[in-house]
Amino acid sequence: MLEARNVSKTYGRTKALAEVSLEIAEGEIVAVTGPSGAGKSTLMHCLAGVVRPESGEVVLDGRRIDTLVEAELTALRRESFGIVFQFGELVPELTAAENVALPLLFNRRDRREAMATAAEWLARLNVSDCADQRIGELSGGQRQRVAVARALVTGPRVVFADEPTGSLDSTGGEQVLRALLDTARADRTAVVMVTHDNRVAAYADREIVLRDGAVPAGAPR
Amino acid sequence: MIDVLRMLNRGRSRPERVRAWLVMAGAGVATFLLCTAVSLVDVRDDGASLTGLGLALLALPVAGLVHQANRLASATRERRLAALRLAGATPGDVRRLGALEGGGLALAGSLAGAAGYVLTHLSGPLPQVPVVLLLMTAAGAVSGLRAGRQVIASPLGVVRRARVPGPRVRDLVVAVSGAALIAWGAVVRAGFPIAGPYGMALVMTVGMVLLLVGVTMAATWLIRAYAVRAGARARSPEALLAARLVEANPRAWARALSVVGLAVFFGAASGAQQAATGYWQAHALVDVALLLALVAAAAALVVHQAEELIDLRRSFAALAAAGVPERSLGGVLVRQAVITSLPVCAVAAVSGVAVVVASAIDIYQVGWLGWAAGRALVMTGVGVLTAVLVALAARPLLRGALRLETLRGG
Ligand SMILES: Nc1ncnc2c1ncn2[C@@H]1O[C@H](COP(=O)(O)OP(=O)(O)OP(=O)(O)O)[C@@H](O)[C@H]1O
Ligand SMILES: [Mg+2]
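Model, not experiment: these values are computed from the prediction.

Caption draft 1: Fine view of the overall build of chain B. The helix and strand inventory of chain B stands at 14 helices and zero strands. Taken from the N to the C terminus, the helices and strands of chain B come in the order α-α-α-α-α-α-α-α-α-α-α-α-α-α. Counting every position in chain B, which comprises 410 residues, the buried fraction comes to 51%. In the form shown here, chain B has an accessible surface area of approximately 18400 Å², with 70% of it arising from carbon and sulfur atoms.

This is how it looks when you write it as structure tokens:
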């Protein structure tokens, strides 16, 4: 469904990605691992249409997305992808429920309806109690659950998560991850998650190991 | 203490150097304007006195710029100051550092401004120069002292948004006593008991500062109340975000808009008076001063906008990555400008007209109200337009904040 074909990306003299190819199937859960600086985040950003590769193609459902004009690409990210960042990156001035409703509102859904959907998602991730609290008042784990809800609320095809539990302790991180993967599995949403943690990678259907911007020959892919 | 300051300065980044220049330039210009304003105070000539008042009015937003720049410091230096705190510096140390730096920069800047004044006014009156120098340096130190507050509160950095208190009588008292001082100075003029015209100028300046502070505090809760309403009614995500962002930080907006509000107030008042007296020439001078004040106020708004974008960059960059178009985020900035400037300018315009009408209630004719209202409406529009134009001009800043690099690293 989502495919990278010989994708390369350089920053200055650093070759962040070198001819990486991979394919992610409908509803598949993929962990991207590898040492620091291996290009994991860069790969994820290329797949998610946040960064354009220099060469190679990124294809979603048979349609090249790396050549779309910015406005189309932005709309595609909004409608087909969800993103979870390491620190959540929620809007601190909004309540948890409003943060989750935000993507729906930007898809021009009615406010009342968007808030109702947001409440359902907060319940699915077990953070209903936090609905009316501002982000500053939440714990790290609660924030990440809200961030997961925000990424999933539009019913995306793929959710990208860059070390979604990197800022949490191991049990807290594991619970958030379970919540993300359970909901994704139930809805057949594909997940691409970047992680340093082997135990986290064990939850995935498949692990892609990156080293120096490439998938080494013989490595699982 | 000085050693620590040197150490901090050695590690200065480019934005910090820019800020230091902003502080010095602002202090310099404010000093020059204030010295000139005092030299123009001529008890026999209404025109010159009005120009002096206009220049003093102009010096305020410039001084405000100094404070804004000092606040910008807390955003850019935050991490290093926080590291100092974690390394064992007491809150007092951090505060003293801020005061030392703010005062030093203000002193350097106002020395240059004073030199400029003395060189251009060799034959003019000079006794006010040391007083203005002292005032500017003290103001710089106080502003530097207060700018580090956030780091002082928590060594782990920013917990923004302390709860904003509701309306307080204190705000009103400050504003009214400021207005009273100005009125006193204007009425007694040369007959002022101490130091004649200079005493009057000083009293009126103090009055102006008090008025500005009081108006700012009142504007804080006015803006917040309006933002809460706007948030509850918002239909679009842009409007919701704008209202909530304003609601979380109304004080900064009030500060940035206070001079816009004052300009609208004086503009509306002068219009109401014009309708009655037709005293065109002096009013034209006031209008020029108001226009310049609006320009300076716009500069303060730009600094505020930059400061806000530094705060917002991570959440905005994350929204952009999640597919929110830049146009929408730009729309958030414009809506913020409207949500904040509309209530401030409307209230300022209405009170400007009201003050004039009330003070001349026995002779004021209903027929004059049409002109007064028209002028008040125009001033409101000009005030809101200024804020909106600044928001539109911040587009390049916004684009910079949305770059993905923002999300890389801490
Ligand atoms: N915007 C950028 N500017 C300059 N260099 C960059 C940029 N983004 C990535 N790089 C470089 O590209 C390489 C890969 O970076 P990337 O962030 O993808 O690594 P990563 O595998 O995610 O590392 P980590 O596990 O530490 O997050 C690194 O050498 C990095 O320095
Ligand atoms: Mg990374």
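Here the narrative resumes.
Caption draft 2: Inspection of the site of ligand 1 at higher detail. Residues and elements named next belong to chain A. Ser36, Gly37, Lys40, Ser41 and Thr42 are the nearest of the 15 residues found near ligand 1. Within the backbone of glycine 39, an N or O atom sits 3.0 Å from an oxygen atom of ligand 1. Within the side chain of serine 41, one N or O atom sits 2.7 Å away from an oxygen atom of ligand 1. Compared with its free state, where it exposes 630 Å², ligand 1 has 74% of that area covered by protein. For the shell around ligand 1, the secondary structure elements donating two or more residues are β2 (14–24) and α1 (40–47). The greatest single-element share of the shell around ligand 1, amounting to three residues, is contributed by α1. In terms of residue class, the shell around ligand 1 is built from four nonpolar, seven polar and four charged.

Caption draft 3: Focus on the packing of aromatic side chains. Here the structure, examined in full by the defined rule, presents two aromatic pairs over all chains. Measuring from ring centre to ring centre gives 5.1 Å for A:Phe81 and A:Phe160, while their planes differ by 90°; the resulting arrangement is edge-to-face. Placement of the pair is A:Phe81 in strand β6 (residues 81–84) and A:Phe160 in strand β7 (residues 158–162), with a sequence separation of 79 residues. Of the two residues, A:Phe81 and A:Phe160, neither departs from the other in class, the shared state being buried. With a centroid separation of 5.4 Å and an interplanar angle of 80°, the aromatic rings of B:Phe265 and B:Phe266 are classed as edge-to-face. Looking at B:Phe266, the relative accessible area reads 25%, which means it is partly exposed.

Caption draft 4: Examining the interface of chain A and chain B more closely. Chain A puts 25 residues into the contact, and the matching count from chain B is 31 residues. The largest contributions to the chain A side of the interface with chain B come from A:Glu93, A:Phe106 and A:Arg111, which together make up 27% of the buried area. Where chain A touches chain B, the interface holds four salt bridges. Between B:Glu247 and A:Arg134 there is a salt bridge whose closest N-O contact spans 3.8 Å. Applying the counting criterion to the chain A and chain B interface returns eight residue pairs in polar contact (both at pLDDT 80 or more). At the level of elements, α2 (70–80) and α3 (96–106) of chain A are the ones that each hand at least two residues to the side of chain A that touches chain B. Here the residues of the side of chain A that touches chain B are counted per class, giving 12 nonpolar, two polar and 11 charged.

Caption draft 5: Fine view of the pairing of strand β4 (residues 55–60) of chain A. Residues and elements named next belong to chain A. Two strands pair when backbone bridges link them, and strand β1 (residues 2–11) and β4 are joined in this way by five bridges, in the antiparallel orientation. The residue of β4 that forms the bridge with alanine 4 is valine 58. The sheet contact formed by β4 and strand β5 (residues 63–64) spans two bridges and is antiparallel. Across the sheet, residue leucine 60 finds its bridge partner in β5, namely arginine 63. The loop that links β4 with its antiparallel partner β5 comprises two residues; one of these, aspartate 61, has a positive phi angle of about 50°.

Caption draft 6: A look at the sheet that holds β7(A). All names here are of chain A. Spatial ordering of the open sheet is given by β6-β7-β8-β3-β9, a layout of five strands whose pairing is parallel. Single-partner strands in this sheet number two, and they are β6 and β9 (206–209). If you compare each strand with its neighbour and ignore which way they point, the axes differ by 15° on average. Along the sheet face, α1 touches β3 (29–33), β6, β7 and β8 (190–194) and points at about 155° away from the line of β7.

Caption draft 7: Structural context of α3(A). Residue and element names in this part refer to chain A. Most of α3 sits out of view: 11 of its 11 residues are buried. Listed as buried for α3 are Ala96, Ala97, Glu98, Asn99, Val100, Ala101, Leu102, Pro103, Leu104, Leu105 and Phe106. Where α3 terminates, the next one or two residues include arginine 108, which has phi positive at roughly 60°.

Caption draft 8: The arrangement of empty space enclosed by the protein in detail. If you walk through the whole model with that rule in mind, you get six cavities of 30 Å³ or more. Taken as a whole, the largest cavity spans an internal volume of roughly 150 Å³. Lining the largest cavity are 13 residues; nearest its centre among them are A:Phe81, A:Pro103, A:Arg150, A:Ala151 and B:Ala322. Secondary structure elements with two or more residues in the lining of the largest cavity: β6, α3 and α5 (140–152) of chain A.

Caption draft 9: The arrangement of the side chain of B:Ser341 in detail. All names here are of chain B. If you trace the backbone, serine 341 turns up in helix α12 (residues 326–359). At 2.7 Å, the side chain of serine 341 forms a polar contact with the backbone oxygen of alanine 337. When residues no more than four places from it in sequence are discounted, the contact partners of serine 341 are Leu257, Val384 and Ala387.

Caption draft 10: Here's a closer look at the pairing of β8(A). All names here are of chain A. Buried residues dominate β8, accounting for five of its five residues. For β3 and β8, the ladder comprises four bridges, and the chain directions are parallel. When the bridges of β8 are listed, isoleucine 29 appears paired with valine 191. Sheet analysis places β7 next to β8, joined by five bridges and oriented parallel. Following the sheet pairing, valine 158 is matched in β8 by alanine 190.

Caption draft 11: Representation of the confidence of the model for chain B in the model. All names here are of chain B. Across chain B, the average pLDDT comes to 78, with 76% of residues at 70 or higher. Per-residue pLDDT, averaged within each element of chain B, yields its smallest value for helix α6 (residues 149–153) (56) and its largest for helix α9 (residues 237–248) (93). Contacts of residues 155–162 to residues separated by more than four positions or lying in other chains number 15 contacts, the stretch itself having pLDDT below 50. With a pTM of 0.78, the predicted complex shows an ipTM of 0.88.

Definitions and limits used
- Residues numbered from 1 in each chain as written.
- Chains lettered and ligands numbered in written order.
- Predicted model: local features only at pLDDT ≥ 70, side-chain atom pairs only at ≥ 80, totals over all residues.
- Heavy atoms only, no water.
- Helix = DSSP H or I, 4+ residues; strand = E, 2+ residues; numbered from the N terminus.
- Buried < 20%, exposed > 50% of the residue type's maximum accessible area, 1.4 Å probe, protein only.
- Areas by Shrake-Rupley, 256 points an atom, 1.4 Å probe, with all protein chains shown as cover.
- Near = heavy atom within 4 Å.
- Polar contact = N/O pair within 3.5 Å; in protein donor to acceptor, adjacent residues only side chain to side chain.
- Nonpolar A, V, L, I, M, F, W, Y, C, P; charged D, E, K, R; others polar.
- Phe/Tyr/Trp six-rings, centres within 6.5 Å; stacked < 30°, edge-to-face > 60°.
- Contact = heavy atoms within 4.5 Å.
- Buried area = accessible area lost by both parts, 1.4 Å probe.
- Salt bridge = Lys/Arg side-chain N within 4 Å of Asp/Glu carboxyl O.
- Pairing = 2+ DSSP bridges.
- Axes fitted to C-alpha atoms, helices over the stretch in contact; angles between N-to-C directions.
- 1 Å grid on protein atoms, 1.4 Å probe; cavity = no way out; pocket = protein on both sides within 12 Å on 5 of 7 lines; lining within 4 Å.
- Points joined across faces, edges and corners; volume = space filled by probe spheres on them.
- pLDDT = per-residue confidence, 0-100.

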